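# A closer look at the structure
The chain contents come next:
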Amino acid sequence: MPVESHLASFAELDARTFHDLLRLRIDVFVVEQSCPYPELDGRDVEPGTRHLWLTRDGDVLAYLRILADPDGTARIGRVVVAPAARGAGLAGALMTEALAVVGERPCVLEAQTHLVGFYAGHGFAVSGPGYVEDGIPHTPMRREGRTAA
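Residues numbered from 1 in each chain as written. Predicted model: local features only at pLDDT ≥ 70, side-chain atom pairs only at ≥ 80, totals over all residues. Heavy atoms only, no water.

## Here we look at the pattern of salt bridges
The line we're drawing: When a carboxyl oxygen of Asp or Glu is within 4 Å of a side-chain nitrogen of Lys or Arg, the pair counts as a salt bridge. By definition, any uninterrupted DSSP run of H or I lasting at least four residues is a helix, any uninterrupted run of E lasting at least two residues is a strand, and each is numbered from the N terminus. Here's how the labels work: a residue is buried when its accessible area is under 20% of the maximum for its type, exposed when over 50%, partly exposed in between, all with a 1.4 Å probe on protein chains only.
Tallied over the full model, the rule gives 14 salt bridges. Asp20 serves as the salt-bridge partner of Arg16, at 3.1 Å between the closest nitrogen and oxygen. Linking Arg16 with Asp20, this pair stays in helix 1 (residues 15-32), spanning four residues, or about one helical turn. Across the salt bridge formed by Glu32 and Arg86, the nearest N and O atoms sit 2.9 Å from each other. In this pair, Glu32 is assigned in helix 1 and Arg86 in the loop between strand 4 (74-81) and helix 2 (90-102), connecting sequence segments 54 residues apart. The exposure class of Glu32 is partly exposed, given its relative accessible area of 41%. Residue Arg86 is classed as partly exposed on the basis of its relative accessible area, which comes to 39%. Through salt bridges with shared partners, a single ionic network connects Arg25, Glu39, Asp41, Asp44, Arg65 and Arg78.

## Remarks on the environment of Leu61
Basically, it comes down to this: Any two residues whose heavy atoms approach within 4.5 Å at even a single point are treated as in contact.
Within the secondary structure, Leu61 sits in strand 3 (residues 59-68). Classification of Leu61 by relative accessible area gives buried; the value is 11%. Separated by 62 residues in the primary sequence, Leu61 and Gly123 place their C-alpha atoms 24 Å from one another. The residues touching Leu61, leaving out its near neighbours within four places in the chain, are Val3, Leu24, Leu54, Thr55, Arg56, Val80, Val81, Ala82, Ala85 and Leu90.

## A closer look at the layout of surface pockets
What counts is decided by this rule: The method works on a 1 Å grid over the protein atoms by themselves. A cavity is a set of points holding a 1.4 Å probe that cannot get out, a pocket is an open set with protein on both sides within 12 Å along at least five of seven lines, and residues with an atom within 4 Å of a point line them. Grid points are joined across faces, edges and corners, and a volume is the space filled by probe spheres set on the points. Charged residues are taken to be Asp, Glu, Lys and Arg, nonpolar residues to be Ala, Val, Leu, Ile, Met, Phe, Trp, Tyr, Cys and Pro, and polar residues to be all remaining types, Gly included.
As a volume, the largest pocket reaches approximately 880 Å³. When residues in the lining of the largest pocket are grouped by element, the largest group, seven residues, is from strand 4. For the lining of the largest pocket, the per-class residue count stands at 20 nonpolar, eight polar and ten charged.

## Section: the nonpolar core
Put simply, the test is: Grouping buried Ala, Val, Leu, Ile, Met, Phe, Trp, Tyr and Cys residues that are joined through side-chain atoms within 4.5 Å yields what is termed a nonpolar core.
Within the largest apolar cluster, 36 residues are counted, with the highest numbers of intra-cluster contacts made by Leu64, Ile76, Met95, Leu109 and Phe124. Elements supplying a minimum of two residues to this core: helix 1, strand 2 (50-56), strand 3, strand 4, helix 2, strand 5 (107-112) and helix 3 (116-120).

## Topic: unusual backbone geometry
Even without being a glycine, Asp57 presents a positive backbone phi close to 55°. Within the secondary structure, Asp57 sits in the loop between strand 2 and strand 3. Relative accessible area serves as the criterion here: at 52%, Asp57 is assigned to the exposed category. Unlike most non-glycine residues, Asp134 shows phi in positive territory, near 55°. Secondary-structure assignment places Asp134 in the loop between strand 7 (131-133) and strand 8 (136-143). What makes Asp134 partly exposed here is its relative accessible area of 40%.

## Observations concerning the packing of aromatic side chains
Spelled out, the test is: Aromatic pairs are defined between Phe, Tyr and Trp rings, using the six-membered ring for Trp, whenever the two ring centres lie within 6.5 Å; interplanar angles under 30 degrees are classed as stacked, those over 60 as edge-to-face, and all others as tilted.
Taken as a whole and assessed by the stated rule, the structure comprises three aromatic pairs. Ring centres of Phe10 and Phe18 lie 5.1 Å apart, and the angle between their planes is 90°; on these two criteria the pair is classed as edge-to-face. The class of Phe10 is partly exposed, set by a relative accessible area of 31%. Of the aromatic side chains, those joined through ring pairs into one cluster are Phe118, Tyr119 and Phe124.

Next comes the structure, spelled out in structure tokens:
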């Protein structure tokens, strides 16, 4: 069965789907990476937030969210691939789709530092000093908006 892509605002998500998306995020960020933090930060429900995820046979394989910062910049976060689905190129496919949604707007993200090269391959550049959050090194990155030629 092929991988299917989905895009929705919070209002468009049904309860089961939101549960499955949160389950993946918590399983990886809180449990696997041992980072006890409040996963529900209020940004999932903002009107400008878009949830993008990939499924196969109804199972969530990968996810990210696109936030709308007040200055119009897009902010990609919570990029995650299920452990059993890693190594199949799903993170790259997800980022490609996310950047198509972002379009011409500038876009930022807070990369786990070991993934800087991955995000650089999608047009992001380091935009500030690294820092440690929840015991994991992070690096701020930015992709400038594209202008029409």
